[in-house]
Amino acid sequence: QVQLVESGGGLVQAGGSLRLSCTASGSTFSRYAMGWFRQAFGKKREFVGAINRSGGMRDYSDSVKGRFTISRDNAKNTVYLQMNSLKPEDTAVYYCAADLYGSVSPSSENYDYWGQGTQVTVSS
C-alpha cells in the first residue's frame, strides 16, 4: 500500500503564496503520475493539476492555470504544488493522489492512492 503524506497547508492572505508538499512511501514513486485535487466545504471534489512520471508534462484546471505550478523530485519521492496569487475562492482541502498507470488525468476515478488532505484557507 502506497502512503501519501501531505504538508504545507495553512492560512494565507489573498495575493499571497503557499507551497504544498506530498511525500510517498515505497521505491516506485517515479512510476506514478501524480495529481492534486481540492474540495471546498459543501462542494464536490475538483481537479487542480497533474504531472507525469518524469515531470515533463503537466496539466492544470482553467481556474488555477497561470497561478499554480506542479513539480516533482523523484529522488525525494515528493510532488509539490506551488500556489501564487491566491484568492479566497482557492480555500479548500487539498489532496494529492497517485495514478499507478502513469496517466495525467483530471478524473479522480483514475487515481489509486490518496493523501489525507491539508487545509488551505485564503483570507480577504
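A. Structural view of the overall build of the protein chain. Across its full length, the protein chain holds zero helices and eleven strands. Reading the protein chain from its N end, one meets helices and strands in the order β-β-β-β-β-β-β-β-β-β-β. Relative to the 2.2 N^0.38 estimate, which gives 14 Å for 124 residues, the radius of gyration of the protein chain is 13 Å and therefore close to what a compact globule would have. Along the longest, intermediate and shortest principal axes, the C-alpha atoms of the protein chain span 40 × 25 × 25 Å. In the protein chain, which comprises 124 residues, the share counted as buried stands at 46%. As presented, the protein chain carries roughly 6400 Å² of accessible surface, and 46% of it is formed by carbon and sulfur atoms. In the protein chain, the 13 positive side-chain charges and the 10 negative ones have mean positions that sit 4 Å from each other.

B. How the structure looks around the environment of G15. Within the secondary structure, G15 sits in the loop between β2 (10-13) and β3 (18-24). In sequence terms G15 and G26 are eleven residues apart; their C-alpha atoms lie 36 Å from each other. Residues in contact with G15, not counting those within four places in the same chain, are S85 and L86.

C. Representation of the side chain of N52 within the structure. Its location among the elements puts N52 in the loop between β5 (46-51) and β6 (58-60). In this structure the side chain of N52 is engaged in a polar contact, spanning 3.0 Å, whose partner is the backbone nitrogen of G56. Residues contacting N52, with those up to four places away along its chain left out, are Y32, A33, M57, R72 and V104.

Cut-offs used in this document
Residues numbered from 1 in each chain as written. Predicted model: local features only at pLDDT ≥ 70, side-chain atom pairs only at ≥ 80, totals over all residues. Heavy atoms only, no water. Helix = DSSP H or I, 4+ residues; strand = E, 2+ residues; numbered from the N terminus. Rg over C-alpha atoms; globule rule 2.2 N^0.38 Å. Buried < 20%, exposed > 50% of the residue type's maximum accessible area, 1.4 Å probe, protein only. Areas by Shrake-Rupley, 256 points an atom, 1.4 Å probe, with all protein chains shown as cover. Lys, Arg positive; Asp, Glu negative; His and termini not counted. Charge placed at Lys NZ, Arg CZ, Asp CG, Glu CD. Contact = heavy atoms within 4.5 Å. Polar contact = N/O pair within 3.5 Å; in protein donor to acceptor, adjacent residues only side chain to side chain.

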